[in-house]
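Observations on chain architecture
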Amino acid sequence: MNLIELIPNLKEPHLIREFLQEHAPGIDFYDAEIYLESSIHTASPIRVFDSQKIPGLIEMEVDQQKYVHLFSLDHGFMIFSLKKRKPINQ
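The following paragraphs examine the structure supplied in this document. Per chain, the residues get numbers from 1 upward, laid out in the order the sequence is written. Totals for whole chains, interfaces and linings use all residues, but because this is a predicted model, local features are given only for residues with pLDDT of at least 70 and pairs of side-chain atoms are given and counted only at 80 or more. Side-chain numbers here rest on the full set of heavy atoms in the structure, without hydrogens or water.

**Some remarks on the overall build of the chain**
Filter applied, for reference: The secondary structure listing takes helices from DSSP runs of H or I that are at least 4 residues long and strands from runs of E that are at least 2 residues long, numbered from the N terminus. Here, two residues are considered to be in contact whenever any of their heavy atoms come within 4.5 Å of each other.
Regarding its fold elements, the chain presents three helices and four strands. Mapped from its N terminus to its C terminus, the chain presents α and β elements in the order α-α-β-β-β-β-α. Once the C-alpha set of the chain is aligned to its principal axes, its extents read approximately 55 × 25 × 20 Å. Here the analysis covers contacts within the chain between residues at least 6 apart in sequence; of these, 54% occur between residues at least 24 apart.

Rendered as structure tokens:
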């Protein structure tokens, strides 16, 4: 799965649960950190890490593979689930 495929899953709570069950079983929603392989690019494969088991670096290497931190899953949900709001002055 890459970033483009992930984004639709961040819009609804039930889709996030399904995503975690499939791609990160055993990792809690609030502990899930989304990393991209090699670089930040929409086609880069993603990997979910448990924040309790990693050093929390922006860039890290695991099994000779470089990963770049994108966001915490809960923050991604907050960003992509926002609905358009009317400007305050209208």
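**A closer look at the packing of aromatic side chains**
Condition: To pair, rings of Phe, Tyr and Trp, with the six-membered ring standing in for Trp, must have centres within 6.5 Å; the planes then decide the type, stacked if under 30 degrees apart, edge-to-face if over 60, and tilted in the middle. The classification of residues rests on relative accessible area computed with a 1.4 Å probe and restricted to protein chains. Under 20% of the type maximum is buried, over 50% is exposed, and intermediate values are partly exposed.
Inspection of every chain in the model, using the stated rule, returns five aromatic pairs. Arranged with centres 6.3 Å apart and planes meeting at 80°, the rings of Phe 29 and Phe 77 form a pair that is edge-to-face. Here Phe 77 lies in helix α3 (residues 73-80) and Phe 29 lies in the loop between α2 (13-23) and β1 (32-37), a separation of 48 residues in the sequence. According to the relative accessible area criterion, Phe 77 is partly exposed, its value standing at 22%. Taking the centre distance of 5.2 Å and the plane angle of 80° together, the rings of Phe 49 and Tyr 67 count as edge-to-face. Placement of Phe 49 in strand β2 (residues 46-50) and of Tyr 67 in strand β4 (residues 65-72) is noted, with a sequence separation of 18 residues between them. For Phe 49, a relative accessible area of 7% puts it in the buried group. By way of ring pairs, the aromatic residues Phe 29, Tyr 30 and Phe 77 are connected into one cluster.

**A few points about the side chain of Asp 74**
This is how the line gets drawn: Within this scheme the basic residues Lys and Arg register as positive and the acidic residues Asp and Glu register as negative, but His and the chain ends are omitted. By definition here, a salt bridge exists when the distance from a side-chain nitrogen of Lys or Arg to a carboxyl oxygen of Asp or Glu is within 4 Å.
Here Asp 74 shows up in helix α3. The buried charged residue Asp 74 lacks any salt bridge partner; its closest oppositely charged side chain belongs to Arg 17, at an N-O distance of 14 Å. Setting aside chain neighbours within four positions, we find Asp 74 in contact with Phe 29 and Tyr 30.

**Considering the side chain of Asp 50**
With respect to the helices, strands and loops of the structure, Asp 50 is situated in strand β2. One buried charged residue, Asp 50, remains without a salt bridge, the closest side chain of opposite sign being Lys 53 at 4.3 Å. When near neighbours in sequence (up to four residues on either side) are disregarded, Asp 50 contacts Ile 27 and Asp 31.

**Things to note about the environment of His 69**
What counts is decided by this rule: The definition of a polar contact used here is a pair of N or O atoms within 3.5 Å, where within protein one atom must be able to donate a hydrogen and the other to accept one, and adjacent residues in sequence count solely through side-chain atom pairs.
Assignment of secondary structure puts His 69 in strand β4. When the C-alpha positions of His 69 and Gly 56 are compared, they lie 8.4 Å apart, and in sequence the two are 13 residues distant. If near-sequence neighbours (up to four positions away) are discounted, His 69 is found in contact with Glu 33, Ile 34, Tyr 35, Ile 40, Leu 57 and Ile 58. A polar contact of 2.5 Å, which involves the side chain of His 69, links it to the side chain of Glu 33.

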